[in-house]
Amino acid sequence: MIALKVEDLQHGYALPAGRLEVLRGLSFTLLSGQVLAVLGPSGSGKSTLLHLLGGLETPSSGEISWGAERIGGLSQERLAARRSVEVGLIFQHHYLLEDLTTLQNVMLPGMIAGDWSEVSAKSLLERVGLSGKAAAFPRVLSGGERQRVALARALSTKPRLVLADEPTGSLDRHNAELVFGMLIELAHSEGAGVVVVTHDEGLAKKTDAIMRLEDGRIVE
Ligand SMILES: Nc1ncnc2c1ncn2[C@@H]1O[C@H](COP(=O)(O)OP(=O)(O)O)[C@@H](O)[C@H]1O
Ligand SMILES: [Mg+2]
């Protein structure tokens with residue numbers, strides 16, 4: 001099954017100094033259960049790409065489909081509703097809510113979408129090795145533990161697509177490997193397609209496919 005399809009995606013920004021072309025025509029397909037690593041120098045458009053794929057920003061041109069449906073034709077309301085169920089986001093600025101417990105943070109996307117289960121949230125926490133921390137508040141968690149909660153939260157609605165922007169960027173080697181391994185394992189077992197941006201060539205090798213961005217194009 002196709003999780004994501006991208007057709008001739010282009011995006012740029014109008015700046016005072018002129019137009020900045022960030023993405024110059026990307027096309028690729030991601031299958032369910034497949035993990036795609038996106039590598040590329042800083043400023044090559046990786047975060048921009050993830051924002052477009054998540055429907056958080058509208059591309060200058062080109063088409064993005066979640067499964068078989070093109071998202072370009074959806075209204076903002078419909079897009080937001082679909083995103084909350086179909087897309088799991090693991091973004092650096094997408095913090096855990098400090099006033100909610102670990103378990104509540106994992107259940108939150110489902111609660112917003114009106115369909116959640118404490119049992120499956122607990123089982124996700126168990127799978128990222130945090131069953132003992134269900135009642136804990138984020139402030140007492142380590143960086144690696146917080147990213148594991150973010151991982152469980154992103155998968156809590158059984159999304160067809162997970163978008164992760166340098167999810168291990170702030171972690172030490174051991175925790176980076178642990179979190180990355182869990183992301184791959186959960187994606188494979190849940191059948192979610194994953195696009196993960198990373199700077200780490202070693203981690204990228206563990207995924208099913210690698211895409212390199214340079215000057216707004218896929219170079220490999
Ligand atoms: N909202 C914006 N307005 C103008 N320029 C932007 C905006 N967002 C990103 N850019 C520019 O687009 C380029 C790609 O940025 P980004 O996608 O964050 O790169 P990466 O994540 O690969 O480091 C950079 O030159 C950045 O300055
Ligand atoms: Mg970035």
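Coordinates for the structure precede this section.
A short tour of the structure in this document, coming up.

Each value, and the rule that gives it
The residue numbers shown here count from 1 along each chain, following its written sequence. Chains carry letters and ligands carry numbers; both start at the beginning, A for chains and 1 for ligands, and go up in the order they are written. Under the rules for a predicted model, residues below a pLDDT of 70 receive no local features and side-chain atom pairs below 80 are neither given nor counted, while totals for whole chains, interfaces and linings still include all residues. Side-chain figures throughout are based on the complete set of non-hydrogen atoms in the structure, without hydrogens or water. Summary of the burial criterion: residues with accessible area below 20% of their type's maximum are buried, those above 50% are exposed, and those between are partly exposed, where the area comes from a 1.4 Å probe applied to protein chains only. The helix count covers DSSP runs of H or I at least four residues long, the strand count covers runs of E at least two residues long, and both are numbered beginning at the N terminus. Only strands that DSSP links by at least two bridges are regarded as paired with each other. Summary of the distance rule: residues count as near a molecule or strand when at least one heavy atom falls within 4 Å of that molecule or strand. Whenever a nitrogen or oxygen atom comes within 3.5 Å of another N or O atom, the pair is scored as a polar contact, on the condition that within protein one atom can donate a hydrogen and the other can accept it, and that pairs from neighbouring residues in sequence are kept only if both atoms are in side chains. The accessible surface values rely on the Shrake-Rupley method and a 1.4 Å probe; as for residues, cover is taken only from the protein chains in view.

1. Section: the pairing of strand E8 (residues 193–197)
Reasoning step 1: The buried count for E8 comes to five of five residues, which makes it a mostly enclosed element.
Reasoning step 2: Taking every second residue as pointing to the same face, both faces of E8 are buried, with Gly193, Val195 and Val197 on one and Val194 and Val196 on the other.
Reasoning step 3: Note that strand E3 (residues 35–39) and E8 share four bridges and pair parallel. When the sheet's bridge partners are listed, Val38 is paired in E8 with Val197.
Reasoning step 4: Note that strand E7 (residues 161–165) and E8 share five bridges and pair parallel. Bridge pairing links Asp165 to Val197 in E8.

2. With respect to the site of ligand 1
Reasoning step 1: Around ligand 1 sit Tyr13, Leu15, Leu20, Val22, Pro41, Ser42, Gly43, Ser44, Gly45, Lys46, Ser47 and Thr48, and those are all the residues in its vicinity.
Reasoning step 2: A distance of 3.2 Å is found between an oxygen atom of ligand 1 and a backbone nitrogen or oxygen belonging to Ser44.
Reasoning step 3: Contact distances for ligand 1 include 2.9 Å between an oxygen atom and a side-chain N or O atom of Ser47.
Reasoning step 4: In the complex, the protein chains occlude 60% of the 560 Å² of accessible area that ligand 1 would expose alone.

3. Section: unusual backbone geometry
Reasoning step 1: At Asp8, a residue that is not glycine, the phi angle is positive and equals roughly 45°.
Reasoning step 2: By the element assignment, Asp8 lies in strand E1 (residues 2–15).
Reasoning step 3: Classification of Asp8 as partly exposed rests on a relative accessible area of 41%.
Reasoning step 4: Not every positive phi belongs to a glycine, and Asp215 is a case in point at roughly 50°.

Take it as geometry only, folks, not as evidence of what the structure does.
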